[in-house]
Each structure stands twice: as structure tokens, then as C-alpha cells.
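Examining the three-dimensional arrangement
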Amino acid sequence: MTYTISNSTLTLSRRALMVGVLALGAAYLPHTMACAAEHNVFTLGKAGDPDNIDPAVTGTNNSFTVTYPAYERLVKYKGSASDIVGELAESWEASPDAKVWTFKIAKGHKFADGTPVTNEAVKFSIERVVKVEKSQSKQFTQINNIELVDGDSIRFTLENPSATFLSLLAGSGASIVNPAVMQHETAGDMGQAYLAGHTMGSGAYQVTSWEKGQQIVMEPNQHYPGTPALKKVVIRIIKDATARRLQLEKGDLDLVEDLPSDQLESLASVKDVAIVDEPGFFVTYLYLNNKSAPLDKVKVRQAISYAMDYQGIIDGVLHGKAKQMRGAVPSGMWSHDETVKQYTYDPEKAKALLEEAGVSNAKLGFLYAKTDPNWEVTGLVLQQALAPLGIALEMQENDYPTMRDKIDKGNFDIAIGNWSPDLADPSEFVKWWFDSKYQGLSGNRAFYSNPAVDKMIRDADVISDQAAREEAYKKVQAIAAEEAPYVMLFQRNFQVAMRKNVEGYVYNPMLLQMYNFADMKKN
């Protein structure tokens, strides 16, 4: 097979892609710092700015890098485990039917302005998430009532029993915001415009400055319990992956995200650099807009799934550091089904399906950003695979916030994205990806709709019997595999590179791109 990209021609086998495709465009190298990062300053290199840092609004791990250390929540994950422990909550109890949850708020937690975190602040924050009606709100609409109890406790009454409510409260959307944010309210926005670029939490670090496209600076909350070793966290925005890698090698950065596999491999031999390579539930997939012709036809969506050279991308781009997805639920999580349909690279089958659908000479757009170094090359491979089938695929690069806005509004044909769960439950994939009431950034980014699937998902969401839930989720995956609302690409490990003098980082598969800065230091 020969892929022609821009003005160059790359010849490659069915099972391999030339790594040179990753070198598209001229690499630029921003000015590096005059000296290595200071001992008590942690400097992280990111590919792009967060889209928004209001925890009630944003749903991206790229933004959670900021919101996670800036806010506290009632509960949190215990280290690297999926076990839940208290953070703001000193204790809690649930009713036998798991519909009523009561939490006692611990004393000693204060917002950055010195005011204590109270049960009133918790009530305000959760109600605010629902009222602003952004990407996080639909997770909390299951709450029927919130009441203050005994001066320092809060009680949630749910519409139905929930096996995942406690884990939900460990997520970024459940971050507790200082009610004083209402002083910054504009036109009834409950402070959204202000919190989009500022923090008002009780977490260890708060944002003190943000220069878009340059850096975000976070400094300690002076009222946070304990004394973090790091006196400053600097998040530098460096779009070029090579520039991030070189600054890490020099010691100007302490940790870098989103490096291509070949660059991670080259860092393995660098004396003072360590590679974090951890298994998890991180997946990459394509959203096919089911409301946009001709993608509203099942056979066209199936054809695109057959046109993708999965193993070629895995071997040639990811250097074998991934595996093809099989169904929505990733390998290693209960409800993953090794028997569900998995598409293979079959151009002839793709061609036949397009002919059956009566589609030829179609034009589609591929929406992406350079936030992930693998997104553009995946689009280029698909572009070259679809061309002989009579589909012209236009590459549509946007900055990440604009890309997300277009996805939310359904203003795209094909888009690419990553997904990682906030809790170790298959509903994080099945419910959000396929239930029609979550269309848009909430999760169903293919704008897929099937009433039978909706019913199965919603019925499973209110029962605690894991076997029954698993049966339902496997049925949903089987139906979705046939209707192909997404192209299921690959599942891969979480990989970042950091300096070996960094100590205290704890990896948790539910907290990708979220760092426990308060526990970290540099020796």
C-alpha cells in the first residue's frame, strides 16, 4: 500500500506505517529557560491550554490537571487504588437501598481566602453544577434533594439507587467551589466567566496567572493543611512534541505529556529521565456524526470501520504500544466482551458496503487538534484509505477548545478523541457513549440514537446486581458494534516522561493527567 501525504510519498506495508509521517510540517523549538527548573518549582509541559477550568463546566483531563489540585471533593481515590476514602468528608453512610447518602464534613479545610469549607458550600457547589447545565451537569441530575443536617452534615436523596454515586463524588465535577464566586457573577452565569480562567477552591494549589498559549502558574493555598514541598507549579504550553522532549532532557521541564511513541523510546536511554508506562482504560476512537449525511447510514459507518488499518497504525505509529479495541468497554474492566464484533482492515468489504449504500464521490471533514500527536496522522491514514473508495476526507485542524465546541454542537462529520473513565465502572463507556440523552460533549459524541439501547442502559443504571448490569452492557455493545456509531481504534497505556529526581507521583487509572502535586517533590 502507498499513502501519499502532502507532497511526499510514503511506501509502507499493510502492517506498518513509516514513522516519518509524524514529522509533518516544520518543527519549531520555543525559547527554553535560561536554567534548569528550580528545586521547589515543578514544571510540566503540555501540548495545549485547558479549554476551561470551571469544574462545573469542563470535562477534559487536560483541564483536570488544574482543577484536581485546586479543589477538594467529599471523597477521593485512595492512592493508586479504586477504593474511595474521605477528603472533605470525615465519614458517611448510605441507606440500605443506596438512595440516601449522608456525609459529615471534616473540620479544618479552608478555601484560599481563609473561609472554612462548610456543608453550605458543598450544597452550593453541587447545585451549581446542575444549574449551569454544562458537560458535568447530567451526572448529578439523579439527585432529587439536598438537605443540610446537624450543622456539619449534608444528605443527598437520589431518584433511584446508584452503585456509582460515591465514585461520582470523587470526580472533578463534584469539586467544592467557594460560594464567594457569586461576587463574580455576570448576567446570571453563577461565576462561569470568572472560573473559566481562575480557581476558587480549597485544594493545595490555586491558579495565580494564566497566559494563554504560554503558561499557567499555580501557587500553594496558604490555608491548606500541611506544607507541600513544591512552592510553585508551572504548566508550560509547548505545542511541538520535539521541543517538549528536548526541554525535558535539558532539565527545563520536570514532566511532559503527549509524546509520540518514537520520542518516548528515544528518552528511555536518557540517564536522568524515567518513563511512566502504566496500564489503564485510555482509549482513542473516531466519532461518526450519525445525524450528518451520509454518516446517517449504517452501511457507510460500517464501511469506514472496515477502511481503517488498525494494526498498521498500532505498529507503525504507536510502535506496538497499544491494542485494537473490541467493543466500547476496554480490556481489563468488567463487561468487556471478547466475543463482540471487531472490525478488521478490509478495503473490499468497505467498497461493497458503500456501493450497497449508494454512496460515491462523498466529501467529509476530519476534525482534530494537535493536542494528541497521534490524531493528525490517524486522520491522514484514514484520508488515504477512503480516497480509493470515493470519499474525499478534508483535514480540519482547530485549536482544542474550538474543536470541543464544534463536537458539542454536532458541527462536524468525523472527529477523533480520547476517553478515560472517572470511575472503574463500564457505565463510564456504555452509558455516556450510547444513551441519546447524553449527546454532545457529555459523552455521546456520535449523536447516536436507538430507543432499545436507551432502555437497556437506563434500566441497568438503577440496579445493583452486577451480573444483570453486565448482561445488559454486553447486549448494548453487540448492537452498537453492528450499527457502528464510532470507529473503535485502540486502547493504550498511559505514558509520560519525567525527570528521575521527581518523587511522590502516584498513578491512578481514573486520574489520567491529574497529579498529586501536594505529595510530590524533587530531590
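Structure first, text after, so check above.
Residues numbered from 1 in each chain as written. Predicted model: local features only at pLDDT ≥ 70, side-chain atom pairs only at ≥ 80, totals over all residues. Heavy atoms only, no water.

1. Looking at the overall build of the protein
Within the protein one finds 14 helices and 21 strands. Here the C-alpha atoms of the protein give a radius of gyration of 23 Å, agreeing with the 24 Å that 2.2 N^0.38 yields for 523 residues. Along the first, second and third principal axes, the C-alpha set of the protein runs to 70 × 60 × 45 Å. Taken over 523 residues, the protein has a buried fraction of 57%. Put simply, of all contacts in the protein between residues at least 6 apart along the chain, 69% involve residues at least 24 apart. (Helix = DSSP H or I, 4+ residues; strand = E, 2+ residues; numbered from the N terminus. Rg over C-alpha atoms; globule rule 2.2 N^0.38 Å. Buried < 20%, exposed > 50% of the residue type's maximum accessible area, 1.4 Å probe, protein only. Contact = heavy atoms within 4.5 Å.)

2. So, the side chain of threonine 164
Following the sequence through the fold, threonine 164 ends up in the loop between β9 (153-158) and α3 (165-168). In contact with threonine 164, other than residues within four places in its own chain, are Leu423, Asp425, Ser427 and Arg469.

3. With respect to the pairing of strand β3 (residues 41-46)
Of all six residues in β3, six are buried; the element is thus mostly enclosed. Where burial is concerned, the two faces of β3 agree: the one with Val41, Thr43 and Gly45 and the one with Phe42, Leu44 and Lys46 are both buried. Where β3 meets strand β12 (residues 232-237), six bridges bridge the pair, whose relative direction is parallel. Its bridge partner being in β12, leucine 44 is matched across the sheet by isoleucine 235. Where β3 meets strand β13 (residues 255-256), two bridges bridge the pair, whose relative direction is parallel. Opposite leucine 44, over in β13, you have leucine 255 as the bridge partner. (Pairing = 2+ DSSP bridges.)

4. Points about the pairing of strand β11 (residues 215-220)
Looking down a regular strand, the side chains alternate between one sheet face and the other. As judged from the six bridges shared by strand β10 (residues 205-211) and β11, these two strands associate in the antiparallel manner. Looking at β11, one finds that glutamate 211 is bridged to glutamine 215. In this structure, the hairpin formed by β10 and β11 is closed by a connection of three residues, where glycine 213 is found at a positive phi of approximately 80 degrees. In the sheet, β11 pairs with β12 via four bridges, with the strands oriented antiparallel. What sits directly across from methionine 218, in β12, is valine 233.

5. Some words on the sheet that holds strand β7 (residues 100-105)
Spatially, four strands are ordered β6-β7-β9-β8 in an open sheet, and the strand pairing comes out antiparallel. What marks the edges here is a single partner per strand, and that holds for β6 (89-94) and β8 (143-149). When strand polarity is set aside, the average angle formed by the axes of neighbouring strands in this sheet is 15 degrees. Relative to β7, β6 runs antiparallel, the two sharing five bridges. Bridge pairing in β7 links tryptophan 92 to phenylalanine 103. Strands in contact with helix α2 (residues 119-132) are β7, β8 and β9; relative to β8, the strand with the most contacts, it is inclined by about 165 degrees. (Axes fitted to C-alpha atoms, helices over the stretch in contact; angles between N-to-C directions.)

6. A look at the side chain of asparagine 61
Structurally, the position occupied by asparagine 61 is in helix α1 (residues 61-70). Each residue touching asparagine 61, except ones within four places of it in the same chain, is listed here: Ser420, Leu512, Gln513 and Met514.

7. Here we look at the pattern of salt bridges
Inspection of the entire model under this criterion finds 22 salt bridges. Across the pair arginine 326 and glutamate 338 runs a salt bridge, and its minimum N-O distance is 3.7 Å. Placement of arginine 326 in the loop between β15 (322-324) and α9 (347-357) and of glutamate 338 in the loop between β15 and α9 is noted, with a sequence separation of 12 residues between them. Note on glutamate 338: relative accessible area 53%, which makes it exposed. Taken together, the salt bridges that share partners define one network made up of Asp435, Asp454 and Arg458. (Salt bridge = Lys/Arg side-chain N within 4 Å of Asp/Glu carboxyl O.)

8. Observations regarding the packing of aromatic side chains
Considering all chains together, one arrives at 25 aromatic pairs under this definition. With 5.6 Å between their ring centres and 50 degrees between their planes, phenylalanine 42 and phenylalanine 517 make a pair best called tilted. With phenylalanine 42 in strand β3 and phenylalanine 517 in the loop between β20 (502-503) and β21 (521-522), this pair connects stretches of sequence that are 475 residues apart. Judged by relative accessible area, which is 0%, phenylalanine 42 ranks as buried. (Phe/Tyr/Trp six-rings, centres within 6.5 Å; stacked < 30°, edge-to-face > 60°.)

9. Considerations on the environment of histidine 184
Note that histidine 184 resides in the loop between α3 and α4 (192-195). Look at histidine 184 and you get partly exposed, because its relative accessible area is 30%. For histidine 184 and leucine 195, which are 11 residues apart along the polypeptide, the C-alpha to C-alpha distance reads 8.8 Å. When neighbours within four sequence positions are excluded, histidine 184 is seen to be in contact with Asp189, Gly191, Tyr194 and Met200.

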